[in-house]
Amino acid sequence: MEHEDSYKRVLEPKYECLLFDVDDTLYPLSSGISAQCTKNIIDYMIEKLGIDETKVPEMCISLYKEYGTTMAGLRAIGYDFDYDDYHSFVHGRLPYELLKHDPVLRNLLRSLPVRKVIFSNANEAHVAKVLSRLGLEDCFDDIICFETLNPTNNDNKSNVESPRSLIVCKPFEEAYEQAFKIANINPQKTLFFDDSVRNLQTAKLTGLHTVWVGASHRTKGIDNALESIHNMKEALPELWEDVKPDIRYSEKTAIEVRV
Ligand SMILES: [Mg+2]
């Protein structure tokens, strides 16, 4: 019986799903996209919401810390704005040309014999644009993003009884629980990649296994660290151990064709 159990454990893959953040995880912080995104958020707060320019930078940080995203914070403290308008202002004019096709990451993802799901606080159009710029649009099985967790039939003007519940986003547990339900994810069998320590710390509490991307060392409450998502295979070779023969074959064929 004991032998049977250990045999079963060996046969069963440790992970049945890999969950990925997008921004500063699938591409590096050094791309400059995030810096421009922060600038656009600041401009939105000044130009569209009329917030005093001198208060904006500090407010931007404190809302992000308290409510998960600056947008969620602005909504929670009573600013009334259209989510689509915010997203098109903040993301719609990002310099996406800074992101280039990443065939290394594409090959890594395509060779992984496990389900892959995106889990981002950003809106659908931004996620689609980033994946397309990186050449990864066909590498994921499901996408969980802003619209998935905050469907548009929600009334933006609903009463403010529970501010945090207005916008559902990482790092709050509710976002993870909803994502697990929607995408049918078992956190105990899922490895989550994100660049944000606080997102990873909540993730750990929900049962997910965690990888801190963009970090050279592990920190408290996080299982693994990768300086770049490109180091996945060296740092986590076990992810490829369940590769089925047909996947090995197609990988080999692809290399031969390229040569
Ligand atoms: Mg991120």
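Residues numbered from 1 in each chain as written. Predicted model: local features only at pLDDT ≥ 70, side-chain atom pairs only at ≥ 80, totals over all residues.

Chemist: What should I look at first to understand the packing of helix 2 (residues 33-47) against helix 3 (residues 56-67) in this one?
Modeler: Helix-helix packing: each pair is described by the crossing angle between the helix axes and the interaxial distance. Helix 3 packs onto helix 2 with a crossing angle of 115° between their chain directions and a minimal axis gap of 10 Å. Classified by the angle between their axes, helix 2 and helix 3 sit roughly perpendicular to one another. Between helix 2 and helix 3 lies a crossing of right-handed hand. Between helix 2 and helix 3, the residues in contact are Ile41, Ile42, Met45 and Ile46 and Val56, Pro57 and Cys60, respectively. Of the residues that constitute the contact of helix 2 with helix 3, the class distribution is seven nonpolar, no polar and no charged. (Axes fitted to C-alpha atoms, helices over the stretch in contact; angles between N-to-C directions. Helix = DSSP H or I, 4+ residues; strand = E, 2+ residues; numbered from the N terminus. Parallel < 35°, antiparallel > 145°, perpendicular 65-115°, else oblique. Left-handed = near helix turned anticlockwise from the far one by under 90°. Contact = placed C-beta atoms within 7 Å. Nonpolar A, V, L, I, M, F, W, Y, C, P; charged D, E, K, R; others polar.)

Chemist: Looking at this structure, how should I read unusual backbone geometry?
Modeler: Most peptide bonds take the trans form, and the phi angle of most residues other than glycine is negative. Put simply, lysine 170 and proline 171 share a cis peptide bond, and its omega is 10°. The residue aspartate 24 is not glycine, and still its phi comes out positive at about 65°. When you line up the elements, aspartate 24 lands in the loop between strand 1 (17-20) and helix 2. By C-beta crowding, aspartate 24 is classed as partly exposed, having 19 other C-beta atoms within 10 Å. For asparagine 184, which is not glycine, the phi torsion reads 55° and is therefore positive. Mapped onto the fold, asparagine 184 is located in the loop between helix 9 (173-183) and strand 4 (190-194). (Buried ≥ 20, exposed ≤ 12 C-beta atoms within 10 Å, placed from the backbone.)

Chemist: Can you help me understand the sheet that holds strand 3 (residues 142-144) in this one?
Modeler: Each strand in a sheet pairs with its neighbour through backbone hydrogen bonds, running either in the same direction (parallel) or in the opposite one (antiparallel). The strand order across the open sheet built from six strands is 3-2-1-4-5-6, with neighbouring strands paired in parallel fashion. Strands with a single pairing partner mark the edges of an open sheet, and in this sheet they are strand 3 and strand 6 (224-226). The sheet shows a mean angle of 20° between the axes of neighbouring strands, taken without regard to direction. Here three bridges tie strand 5 (residues 209-213) to strand 6, and the two strands are oriented parallel to one another. Of the residues in strand 6, the one forming a bridge with valine 211 is asparagine 224. (Pairing = 2+ DSSP bridges.)

Chemist: So what exactly am I meant to see when it comes to helix 9 here?
Modeler: Helical geometry note: an α-helix holds 3.6 residues per turn, so side chains three or four residues apart project in the same direction. Buried within helix 9 we find Ala175, Tyr176, Ala179 and Phe180. Looking straight down helix 9, one finds that the buried residues subtend no more than 135° of arc, so they occupy a single side. Along helix 9, exposed side chains directed more than 90 degrees from the buried face belong to Glu173 and Lys181. The elements touched by buried residues of helix 9 are strand 2 (115-119), strand 3, helix 8 (146-149) and helix 10 (197-205). Positive backbone phi, at 55°, marks asparagine 184, one or two positions downstream of helix 9. (Arc of directions from axis to C-beta.)

Chemist: Would you mind showing me how to read helix 2 here?
Modeler: Taking 1.5 Å as the rise per residue, helix 2 with 15 residues should run 21 Å; its terminal C-alpha atoms sit 21 Å apart, in good agreement. Buried residues of helix 2: Ile33, Ile41, Tyr44 and Met45, and no others. Each buried residue of helix 2 sits inside an arc of 115° when the element is viewed along its axis, so together they form one side. Exposed positions of helix 2 whose direction lies more than 90 degrees from the buried face are Ala35, Lys39 and Glu47. Buried positions along helix 2 lie against helix 3, helix 4 (70-76) and helix 5 (83-90). (Expected span 1.5 Å × (residues − 1).)

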